[in-house]
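Okay, here's what each chain looks like letter by letter:
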Amino acid sequence: MSVRNQLKLLVGGLSARRAGRTAPAHSATREFLDRSAVVGLLIFVATVTLIVLISSAGLSTLNVPVLPNQLATVRVTASTAFTYESPEKTEALREQLTNRVPPVYRLDPEPFHRFEAAAHDLLVQLETFERTHPASMPMMSTRRSDLAALVEAFNARGPYNASIEDVATVLASGDAKFRAALFENGLSALRDLASEGVHDDTLGGADPGSVTVFEIARPSGGVTMRSVQSLEEAMTFLRVNLAVEGLPRPASLALFRLFRIGLTPNLVFDREATRAREVTMVSQVKPVVVSVARGQTIIEPGERVTREHYEMLMAHRRYVREHTDSDFAENLTLFGRILLVLAMVIASVLYIRLEDRETLQSNGRLGLLALVVIINLALVRLVYSIGGADFFLQDEGWASTLPYIAPTALAPLIVAILIDAGSAIFMALLISIFTGIIYGNRLDLIVLTFLASMVAIFGCREVHKRGRVVRAAAAGGLTLAVFALPIGFADQVPLATLLRQMAAALATGLLTGMAVVGVLPVLESLFKRTTDITLLELTDYNHPLLRLMQLEAPGTYHHSLVVAQLAENAANAIGANPLQARVCALFHDIGKTSNPGFFTENQRERVNPHDALPPEESARIIKQHVADGVELARRHRLPRAVIDVIQQHHGTTLVRYFYERAVAASRAPFPTTGADTGVVSVSEDNYRYDGPRPQFKESAVIALADSTEAATRSLRSITAEELGPLIDRIVGDRIAESQLDEAPLTLEEVAKIKNSFQFTLLNMLHARVAYPPNHPASASTTAKA
């Protein structure tokens, strides 16, 4: 053995002795803290108190994110009387007054002037036509065609449709002077109507007296109320004025049809004048001041938040912040909150007792649950408190993203990895409920965060790599973002706000995963928990301790590999943790590296140093590998489970070989006959391992695998007939010696373990076919050797 290893053995032995003196005290203290009912009660009280403080102290509905058009989840009442100017109500009043402003029209004289000029020209042309075509001339085709040309020229002066018959009738009604009088009478009637105004049904059927007319002819350019006739009334007025005494009825009707062409509505909507009237009216409106009494309800739960509700809430928040010396809080009923917390925590305890009794019996696990839940709720409350900043108060769109920033999946992920998925699901429900309460009894938030946590927990089942934790948390964030989309559309959330909420959910999922990966090693060390991630990392054969074993104790290393395979398969058969069994088996004999030459599997030169030592010293050296292994494991910060297996894998068994040597050496012969007296003066305590006996399934499996693997080395051939009785004897001896009394194994599981050992050993240690000396396979095997 090298000088370096001898020094390590010396230091390790001294360290082990020091550790041996302090370990019982530490173990007793740890056992008390882990099992004491008083400590468990303190954890319960502290958890309830802290959750009440986090979810109640200073909690106010003032900072609850509220958006217009959303359904309110809490009742908000005015804590004090206040007044505020309401832009919403002022704008509504202005809009109401604007709608009451009557439209302004102006008179358009152009249609009348155009018809008047056309009528005068027609009158002149009729006089000329009468001279060139006297009435005594028969109505031949030439006279009719000339009259038709005259009528066509008149119609072309505007959108007119005078007929030849009506013009011929007017022409025949009298001489030129009489016709001039008729035309002047008709134009005078049309002039009066045009000056007063004529409207049609497109103005909405309003009463003529209610139409306002803008008169540009007035020097002031003002607006006056004017009674305006409808088109039907104007027709009646025109008919009456054209009914001249002595004029035949056919001529009167023809004259009416001719002048009716010049009667058109002449009211034109004046947009600029109307807008000016509206601006004048709006400028006279004063801001509406709203008075709110103390205790008045601002928002009622279950109703949709209107713009006026939202404005009143913002005014209330501003008033409270500006007129109070300290942060105002509408403290929710403390007694009701305590009852709620008690109910949730008691429900958690009952669930754990039904589904995971081991957690309830361990204050360490309960402390871990309480710590991560309290930290998670504290982070949720911290994010909620950020909503009181001026930035979020002024921009409710950003404030509405805060619930999606809260890392509600943090504790469920940690619990799922360090304890189990069942406890994680219940913790997710608890955190989601209190998150919804903190943010104003939001049922949608409770459902969404619980769903996201469930997706993350599902993604973390049997996790072996840290990257998978991040992916699982990101999947939870993606779930939250996806389901926030339809809910946002239903609540009519603006698209920009909805996109911010979805981005916040995704980012929070990623950050939560990275935070869990970062905090896991701390929690593993603090609460003596070991995750499959850490275990998988320890299976790397380049680990310093495994490399040391390969170099210093290769026989022990090979033994550990076989024991690891046996333990992994057996643990898998009984539903234990196969990865934990494998890792613990790899490291269970690392203490032998301190003095490898004293163990048979490492004695390559067939030199046994125990031949020169007394049995008691040899037994001490053999037992010392347990203490040396614990020291090495602690020095390299191996998980608690590995250290426990190193201590427990021999239990309190007897180092039987050296014990029997000591017994044989201590038998004193009779003085006279030389016969054996049969008196044994050797104490078994010096030859028994210090224990403790295996405390959990994986430790018990490794203890049985360790003995089984060592015993199989003595077999000449590995067959089922020889392995079966050997394994039965070894397991039976351990049961008879009460070595498995403290391990939670059933007889059915013990039978599965034995079957697994036999199956694994038969497949690992099978014999090869013996080839003839000159066979090629024999030569190849020899070359490989």
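Refer to the structure presented above.
This is a predicted model, so every value here is computed, not measured.

So, on to the pattern of salt bridges. Counting across every chain of the model gives 26 salt bridges. Residue Glu737 is joined to Arg656 by a salt bridge in which the shortest nitrogen-to-oxygen separation is 3.6 Å. Placement of the pair is Glu737 in the loop between α31 (720–736) and α32 (747–764) and Arg656 in helix α29 (residues 656–666), with a sequence separation of 81 residues. Relative accessible area serves as the criterion here: at 27%, Glu737 is assigned to the partly exposed category.

Once that is clear, we can look at the packing of helix α20 (residues 443–459) against helix α21 (residues 466–490). A pair of packed helices can be characterised by two numbers: the angle between their axes and the separation between those axes. It is at 8 Å that the axes of α20 and α21 come closest, and there the two elements cross at 150°. Taken together, α20 and α21 sit at an angle that is classed as roughly antiparallel. Between α20 and α21 the crossing geometry is right-handed. Of α21, the residues touching α20 (which contributes Asp444, Leu448, Thr449, Leu451, Ala452, Val455, Ala456 and Gly459) are Arg468, Ala472, Ala473, Ala475, Gly476, Thr479, Leu480, Phe483, Ala484 and Ile487. Of the residues belonging to the contact of α20 with α21, the class tally is 12 nonpolar, 4 polar and 2 charged.

Quick look at the layout of surface pockets now. There is about 1200 Å³ of room inside the second largest pocket. Forming the walls of the second largest pocket are 32 residues, and the residues nearest its centre are His650, Val655, Arg656, Tyr657 and Ala710. Every element with two or more residues in the lining of the second largest pocket is listed here: α27 (615–635), α29, α30 (697–712) and α31.

Here we come to the packing of helix α24 (residues 544–552) against helix α25 (residues 554–574). Between α24 and α25, the least distance of the axes is 5 Å, while the angle of their chain directions is 125°. For the element pair α24 / α25, the angle class is oblique. Counted together, Leu546, Met549, Gln550, Leu551 and Glu552 of α24 and Pro554, Thr556, Tyr557 and Ser560 of α25 form the full contact between these two elements. For the contact of α24 with α25, the per-class residue count stands at 5 nonpolar, 3 polar and 1 charged.

What counts as what
- Residues numbered from 1 in each chain as written.
- Predicted model: local features only at pLDDT ≥ 70, side-chain atom pairs only at ≥ 80, totals over all residues.
- Heavy atoms only, no water.
- Salt bridge = Lys/Arg side-chain N within 4 Å of Asp/Glu carboxyl O.
- Helix = DSSP H or I, 4+ residues; strand = E, 2+ residues; numbered from the N terminus.
- Buried < 20%, exposed > 50% of the residue type's maximum accessible area, 1.4 Å probe, protein only.
- Axes fitted to C-alpha atoms, helices over the stretch in contact; angles between N-to-C directions.
- Parallel < 35°, antiparallel > 145°, perpendicular 65-115°, else oblique.
- Left-handed = near helix turned anticlockwise from the far one by under 90°.
- Contact = heavy atoms within 4.5 Å.
- Nonpolar A, V, L, I, M, F, W, Y, C, P; charged D, E, K, R; others polar.
- 1 Å grid on protein atoms, 1.4 Å probe; cavity = no way out; pocket = protein on both sides within 12 Å on 5 of 7 lines; lining within 4 Å.
- Points joined across faces, edges and corners; volume = space filled by probe spheres on them.

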